[in-house]
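Summary of the model geometry
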Amino acid sequence: MAIWGGILKIAVLTSGGDAPGMNPAIRAVVRAGLNSGHEVYGVMDGYQGLVNGNFEKMTRKSVSEILQKGGTILGTARLPEFKELSVREQAVSNMKKLGIDCLVAIGGDGTYRGAQALTEMGFPVIGIPGTIDNDLAGTDYTIGFHTALNTIVDAIDKLRDTASSHQRCSLVETMGRDCGDLAVMAGLSCGAEFIITKDHPLDKPTLIEKLKVHKSEGRRNAIIVITENITNVHDLAEEITEKSGFACRATVLGYVQRGGSPTAQDRILAGRMGAYAIDLINRGITGVAIGEMNSKMIYLPFKEVLSMNNESTEELYQLVSKLQ
Ligand code: F6P
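Residues numbered from 1 in each chain as written. Predicted model: local features only at pLDDT ≥ 70, side-chain atom pairs only at ≥ 80, totals over all residues. Heavy atoms only, no water.

1. Focus on the overall build of the chain
Each helix and strand in the chain was counted, giving 11 helices and 11 strands. For the chain, whose C-alpha radius of gyration is 22 Å, the value lies close to the compact-globule estimate of 20 Å for 324 residues. Dimensions of the chain, computed from the C-alpha atoms along their principal axes, are close to 75 × 35 × 30 Å. For the chain, the residues scored as buried account for 53% of the 324 residues in total. Long-range pairs, those at least 24 residues apart, make up 75% of the contacts in the chain between residues at least 6 apart in sequence. Carbon and sulfur atoms make up 49% of the accessible area of the chain, which totals about 14100 Å². The positive charge centre, built from 33 side chains, and the negative charge centre, built from 37, are 4 Å apart in the chain. (Helix = DSSP H or I, 4+ residues; strand = E, 2+ residues; numbered from the N terminus. Rg over C-alpha atoms; globule rule 2.2 N^0.38 Å. Buried < 20%, exposed > 50% of the residue type's maximum accessible area, 1.4 Å probe, protein only. Contact = heavy atoms within 4.5 Å. Areas by Shrake-Rupley, 256 points an atom, 1.4 Å probe, with all protein chains shown as cover. Lys, Arg positive; Asp, Glu negative; His and termini not counted. Charge placed at Lys NZ, Arg CZ, Asp CG, Glu CD.)

2. A word on the environment of Thr-206
Tracing the backbone shows Thr-206 in helix α7 (residues 204–216). Here Asp-203 takes part through its side chain, which lies 2.5 Å from a polar atom of the side chain of Thr-206. (Polar contact = N/O pair within 3.5 Å; in protein donor to acceptor, adjacent residues only side chain to side chain.)

3. Regarding the packing of aromatic side chains
What the rule picks out here adds up to 3 aromatic pairs. For the ring pair Tyr-47 and Phe-82, a centre distance of 4.2 Å and an interplane angle of 15° mean the geometry is stacked. Taken together, the residues Tyr-47 in helix α2 (residues 47–52) and Phe-82 in the loop between β3 (55–57) and α3 (85–98) connect sequence positions 35 residues apart. A relative accessible area of 6% means that Phe-82 is categorised as buried. Ring geometry for Tyr-141 against Phe-145: centres 5.7 Å apart, planes inclined by 20°, an arrangement best described as stacked. Its end group placed over the ring of Phe-246, Lys-215 keeps NZ or CZ at 4.9 Å from the ring centre. (Phe/Tyr/Trp six-rings, centres within 6.5 Å; stacked < 30°, edge-to-face > 60°. Lys NZ or Arg CZ within 6 Å of the ring centre and 35° of its normal.)

Okay, structure coming up:
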């Protein structure tokens, strides 16, 4: 490894589910890295690329005109095998062979678990939160969350139009894994009548009762936003139709939420975080995940971030009923 403080070889990868804004984050790491005099290498397809030795030397040109692109130019993957020591040893050996001094890993909780494991093996890593789920502690927002939120809001506004025309109730399933932030903030933005998340579970009898009242008041539509992995929404829509008399249709938004050009907010967040990763490396600080809290860049050890509870959007959830 190079003497810290001199010219370093920095690798960057994206891992786990892709998120809009990963490209601006890669660009920021590459440009800030090169501007600090370092060499930067892109790793293809997340931790899989480390294991396969799939590195590409990055130049300013390799990251030109990617700010506005969804997905990730480096590719991404999920690699459960990275839990195995022998697999990680292969990854570290490949990095050492190329003389890589430090890795910047952009992704969600799975990516951070891999980064923590590499840190424990003595390899310097910095984490950047990139996931639409907003389910990581140590940051107010993750890169990709705002773009996905806007995609959902756009879809629900459209669903409201058709629901109203047909006097229907629209049940919309959002992503987020176990985190309800996308559902709550989209519901708030669209004036959803009901929001169901892991923290605010489905209470069918109350939901059906409220829908009956809603319909009897002459309302032509209702929007129910529900986080994924709670129930089969198509079955629930049928049950609602049967028991409430309000014809219900389910829409699973799915992977459309992960695509698209990042919003300005995500591009700026990604730029700040990527540049901050290089600042930390220049200061010799690694083994940490970057976050933005109260508009300021911060960093915390991976171990801490992974053991903390991600604060929920309870206040926003309560706001929904206040504004109804
Ligand atoms: O973590 C991002 C996410 O899109 C989650 O919201 C979702 O549960 C999961 O990834 C889907 O994973 P996969 O792309 O492996 O199907």
